[in-house]
Amino acid sequence: MKSFTKSFTQQEAIPESAIEAAVEVMRSGRLHRYNSAAGERSETDLLEMEFAEYMGVPYALACSSGGYALHVALCAVGVQSGDKVLCNAFTLAPVPGAIHNSGAVPVLVDVDENYCIDLDDLYAKAAQSGAGYLMLSHMRGHIADMDRVMAICAEFAIVLIEDCAHTMGAFWDGKRSGTFGQVACFSTQTYKHLNSGEGGFLISSDAQLMARAIMYSGSYMLYANHCAAPDPQVFADICLQTPNYSGRMDNLRAAILRPQLAQLDSQCQRWNDRYALMERVLQPCQAIRLTQRPAKEQYVASTLQFSLPEFCSDKIIELVAQCAARGVVLKWFGAATPDGYTSRYDSWCYIKDMPSLPVTEQRLSKLLDMRIPLTFTEEDCQLIAEIIYEVVNELTDYR
Ligand SMILES: *Cc1c(COP(=O)(O)O)cnc(C)c1O
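Residues numbered from 1 in each chain as written. Predicted model: local features only at pLDDT ≥ 70, side-chain atom pairs only at ≥ 80, totals over all residues. Heavy atoms only, no water.

Novice: Sorry, what's going on with the site of the ligand here?
Specialist: Residues in close proximity to the ligand total 15 residues, the closest being Gly67, Asp163, His166, Ser187 and Lys192. A distance of 3.0 Å separates an oxygen atom of the ligand from a polar side-chain atom of Lys192. Here the ligand has 380 Å² of accessible area as a free molecule, and 92% of this is covered by the chains. Ranked by residues supplied to the shell around the ligand, first place goes to helix 3 (residues 66-76) with 3 residues. Of the residues contributing to the shell around the ligand, the split by class is 5 nonpolar, 8 polar and 2 charged. (Near = heavy atom within 4 Å. Polar contact = N/O pair within 3.5 Å; in protein donor to acceptor, adjacent residues only side chain to side chain. Areas by Shrake-Rupley, 256 points an atom, 1.4 Å probe, with all protein chains shown as cover. Helix = DSSP H or I, 4+ residues; strand = E, 2+ residues; numbered from the N terminus. Nonpolar A, V, L, I, M, F, W, Y, C, P; charged D, E, K, R; others polar.)

Novice: Looking at this structure, how should I read the side chain of Arg253?
Specialist: With respect to the element layout, Arg253 can be found in helix 9 (residues 251-262). Not counting the four nearest positions on each side in its chain, Arg253 is found in contact with Ser64, Ser196, Glu198, Gly199 and Arg248. (Contact = heavy atoms within 4.5 Å.)

Novice: For this particular structure, what's the right way to read helix 10 (residues 264-282)?
Specialist: Turn by turn, an α-helix covers 3.6 residues, leaving residues three or four places apart pointing in a common direction. The first and last C-alpha atoms of helix 10 sit 27 Å apart over 19 residues, in line with the 27 Å expected at 1.5 Å per residue. Taken together, the buried positions of helix 10 are Leu264, Gln267, Cys268, Trp271, Asn272, Arg274, Tyr275, Leu277, Met278, Glu279, Val281 and Leu282. Looking at the buried side of helix 10, the elements it contacts are helix 2 (43-55), helix 9, strand 10 (289-290), strand 12 (303-307), strand 14 (367-371) and helix 13 (378-395). (Expected span 1.5 Å × (residues − 1). Buried < 20%, exposed > 50% of the residue type's maximum accessible area, 1.4 Å probe, protein only.)

Novice: So what exactly am I meant to see when it comes to the sheet that holds strand 11 (residues 297-298) here?
Specialist: The pairing of strands in a sheet happens through backbone hydrogen bonds and is either parallel or antiparallel. Overall, antiparallel pairing links the 3 strands, which are arranged 7-6-11 in an open sheet. At either end of the open sheet lies a strand with only one pairing partner, and these are strand 7 (175-176) and strand 11. For strand 6 (residues 171-172) and strand 7, the ladder comprises 2 bridges, and the chain directions are antiparallel. Considered in strand 7, the bridge of Phe171 is made with Arg176. (Pairing = 2+ DSSP bridges.)

This is the structure in structure tokens:
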């Protein structure tokens, strides 16, 4: 019987050039982003310039985590306590957490059969809630029809905040994911597309918004040091009006991110090669429903999702157990209690008056998920997909 032995949580080593840059920063002792020698640009400033350039936007801010960036983004667009913010019911816990942190109230929108936000439900809830904001997670790298998202935002004058934790490097119709909204956030946490342990970015093309975000991040009035930032005079009116929510990135993490950013596109290709291979192996399996991905979606598949529409929960539990016994770790979003990152909307009990979302629950109850760390070779991915195929087949009853 085939089995797999590698770890599903083991990422690649940090590139040697990044390690050298980190050692250099440590030798200098100047780890704080504003602690630079005369005439020196800090690693954090350089990283922000390079990320802004990569994204094709004027402004970028590096900060302490993706979830922090989401919180600051909400504050920077002007969300006030009690405001309603539309967001995906299928997302990771930092998203409702950031909304809660800003005092706002999440309005959860159903997931569709391809794990994107359900646009009919979004339309209905935008109309009915009067929410002025949408925090859109491109969850697990699945990008909703952005043409329709933008039309809905325009119709209801909704400010769009993109959560691009899983779409760094991806596009919709040739336009980078993260350049549709007024502001977008990214994570550089270990399991995302760049790895600094913890970290995140916030990007925008709006000078006022970015000035506020930089003040929130804790710039100690040193905003003029930022390269990927608006002119210092933009800060004049707001610098005393904006609290310091201290959440900066430091030079050590920036130093290890810069060489990784230079390799991001080739890493994305490696993920997609692995995904395509697994898709090919799983495709013929009748019981498995793979994600339908529109031609306009140029995704980065650093994780794999599939559904088993005909499987009841007991059978899915059995499948997860049999795969695990053969070394393949699948996560199930249908479990009653969260397991690692699989928290579901009904486990965010701090949200008051949580509606029940039967459509989302039904879809998530069939959804399996796995990460594709780049320490897996293409042969590894072939083997994993074959194991999944075999286990699903054994558990399928063909009548
Ligand atoms: C990882 C993640 C974030 C942010 O995560 P941090 O751990 O705070 O960097 C936000 N949204 C989604 C969907 C994520 O997966």
